[in-house]
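# Analysis of the macromolecular model
Here is how the chains run, residue by residue.
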Amino acid sequence: MCGIVGYVGFRDATDLLIEGLRRLEYRGYDSAGIAIHQGDRIECRKRAGRVQELEKLLESDPISGSVGIGHTRWATHGETTDVNSHPHVGGNGEVVIVHNGVIENYSTLRTKLQALGFVFRSQTDTEVVAHLLAHHVEEQLKLSDDAEGTEIYVRALEITISKLKGTYGIVAMFRDLPDVIIAARAGSPLVVGVGKGEYYVASDASPLVGYTDEVIYLQDHEMVVLTTTSIDLRHRDSGQLSPNIHTLDQVSTDTDLGDFEHYMLKEIFEQPQTIANAMRGRFNEDEATAVFGGLNLDPQQLRRIDRIVLTACGTSWHAGLVGEYLLEEFARVPTEVEYASELRYRNPPLEDNTMVFAITQSGETADTLAALRECKRKGHPTLAICNVVGSTIAREADGGIYLHAGPEVGVASTKAFTSQVTVLTLLALFFGRMRHLSYPAGKRMISRLKEMPEIIERTLKCNEVVEEISSRYSQFNNFLYLGRLYNFPVALEGALKLKEISYIHAEGYPAAEMKHGPIALVDEVTPSVFVIPRGGIYPKVMSNLEEVKARKGPVIAIACEGDTKVADLVDDVIFVPDVEDYLQPLVTSIPLQLLSYYIAVNRGCNVDRPRNLAKSVTVE
Ligand code: M6R
């Protein structure tokens, strides 16, 4: 995780870096820091806590200059203290670096450097890189007559990174090289912004928006040397390269909170619009199917696909589970959902005609990226279902489908989930119409899907009821979330939402599995949230609900409007519109998002920035 930003040019680097760090805070918000070149030295300011803490420090102890680097941290090694914050200084201030990634052999390197006399101030793996680099700069200087030559520093960084095991995006500055920053990557994303008389480098393009729309995406094992007037790009194996400059697609930084108190609530309420955006331009009414612009596969290739693997993490994995049910029901294509963190190291037999979809809001999740690369290496067509335009996964997949949900700022994913489910429904229609799904069935799906934005608008009317109910449940410490078929992934997602923002223990289960163990947890202080809309499996879930009531467990039910049978049985009911089974996740997930939101607010939790988490998980 962690966000990096660097600048060399003519502007005031301090303001620019701070603004960049604010835009990158979704990658981690344990601490923030910047370093600015001051002619004969590099000055650092860093603070545990959010970027605003760093801003306060800079007000009382300012620095300025036109060359600098900055970092916002998600702690991997060492607690969230000022001293563990980045930037980290190597040697006696000759080198200053920021780093995103994990250095797996840091302990061995640290011991060696300590034996050489280097003194460590922090517990981070990054400080090892800073000292190692300072060590190699010193060595290279001894071997050379040209103490100012940039090549010495480049060579020192090359030797340093050749000794690292793990992942890194590094940006380095050198005390004796005032107008240069050098960036290198292996496994952690870095993008260079090309300006006039200035260059930027950052973990993603968001800090560059408004400054330049010309970008170079660094690839693994590339290094770039930036001055105000030059860019020198090289690859570890192939040497000097000419940069491939891309024009930035519209990256939206529209993150205005409007009248909402938190981004999470704002994003929940955006769902009628985001679901509409996910469908816009994607229906072919004449052929009763869906259309996608970016699959990059011809119809013959698509028809040959006889197995689909959906891989993802967290909420995106839950969307994948809904996708499995959809694709198998409508397209009759055997589909599996794999945790990306497992798939990257597992070696499942994947037949030739297996297509792999990576589902990811950010497009930067390290495990999902690694799983995608592993499947690509084995020759499978890979596609991304992704929200962030131009993200690493969007670029590396063979093709893809964007969610068009706009920036999701709240760490708890909400609108991305429903957009992912919408796109997966369209995919089920698309593959279904290539196989067994009839024309009338395709037509019916399209008209049902088109109704969804308005239905979601209606669903959101449960907001007040959910807020009122939440006040009675905020003090409980354990919850069960139960649902079946399409609502089983919804139960998992509801439990995840509650865990991550209110720190309450919650478990999601298929409702019928409960009697195989979890029912032992049911008592007067363990509420169960039953997702029980009408539909094929309704009577069965009703029996499961009765079993919980028989054991005095409090029950909140998510039920269809007018369902008095459920209402009479449970302690609290939240009504949602009645839709066909396969569309239920779009509707039933919404009261669960709201429930976790209000419980977290009642408990005084930081809803948008929950402890220990980051929006984008860019380490393993
Ligand atoms: O950006 P991605 O969709 O790849 O992120 C995957 C998970 O890290 C993410 O969904 C996480 O579980 C959310 N915080 C859940 O709300």
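This structure is a prediction, so every number in the text was calculated from the model and none was measured.

### What about the site of the ligand?
For the ligand, the set of nearby residues contains 15 residues, the closest of which are S316, Q361, S362, T365 and E500. Side-chain polar atom of T360 to an oxygen atom of the ligand: 2.7 Å apart, as the coordinates give it. Between the ligand and the protein, one listed contact pairs a nitrogen atom with a backbone N or O atom of V411 at 3.0 Å. Across the complex, the protein chains shield 91% of the 410 Å² of accessible surface that the ligand would expose by itself. Counting residues per element, the ones that place at least two in the shell around the ligand are α9 (314-331) and α16 (487-502).

### Re helix α7 (residues 271-279)
α7 sits mainly inside the fold: eight of its nine residues count as buried. Along α7, the positions that sit buried rather than exposed are Q271, P272, T274, I275, A276, N277, A278 and M279. Its buried side turned inward, α7 meets α6 (263-269), β16 (283-284), α13 (415-434), α14 (439-459) and α19 (584-602). Once α7 ends, the next one or two residues include G281, with phi positive near 70°.

### Some details on the nonpolar core
Considering soluble globular proteins, one finds that nonpolar side chains tend to be buried as a cluster. In this structure, F357, L427, F430, F431, M452, F479 and Y481 are the most contacted members of the largest nonpolar core, which totals 92 residues. Leaving out residues up to four positions away in the same chain, F479 has contacts with Y473, L498, I504, H505, A506, E507, P527, V529 and I599. I97, A130, L157 and I161 belong to the second-largest nonpolar core, a separate cluster that totals 32 residues.

### Focus: the pattern of salt bridges
In a structure, side chains of opposite charge can pair up when their charged atoms sit close to one another. If you walk through the whole model with that rule in mind, you get 43 salt bridges. E198 is paired through a salt bridge with R11; the nearest N and O atoms lie 2.7 Å apart. On the criterion of sequence distance, the pair formed by E198 in the loop between β9 (191-194) and β10 (199-202) and R11 in the loop between β1 (3-8) and α1 (13-24) is long-range, its members being 187 residues apart. On the basis of relative accessibility, which here comes to 30%, the residue R11 falls in the partly exposed class. Salt bridges sharing partners connect three or more residues here, namely D40, R41, E43, R45 and D61.

Rules and cut-offs
Residues numbered from 1 in each chain as written. Predicted model: local features only at pLDDT ≥ 70, side-chain atom pairs only at ≥ 80, totals over all residues. Heavy atoms only, no water. Near = heavy atom within 4 Å. Polar contact = N/O pair within 3.5 Å; in protein donor to acceptor, adjacent residues only side chain to side chain. Areas by Shrake-Rupley, 256 points an atom, 1.4 Å probe, with all protein chains shown as cover. Helix = DSSP H or I, 4+ residues; strand = E, 2+ residues; numbered from the N terminus. Buried < 20%, exposed > 50% of the residue type's maximum accessible area, 1.4 Å probe, protein only. Contact = heavy atoms within 4.5 Å. Core = buried A, V, L, I, M, F, W, Y, C linked by side-chain atoms within 4.5 Å. Salt bridge = Lys/Arg side-chain N within 4 Å of Asp/Glu carboxyl O.

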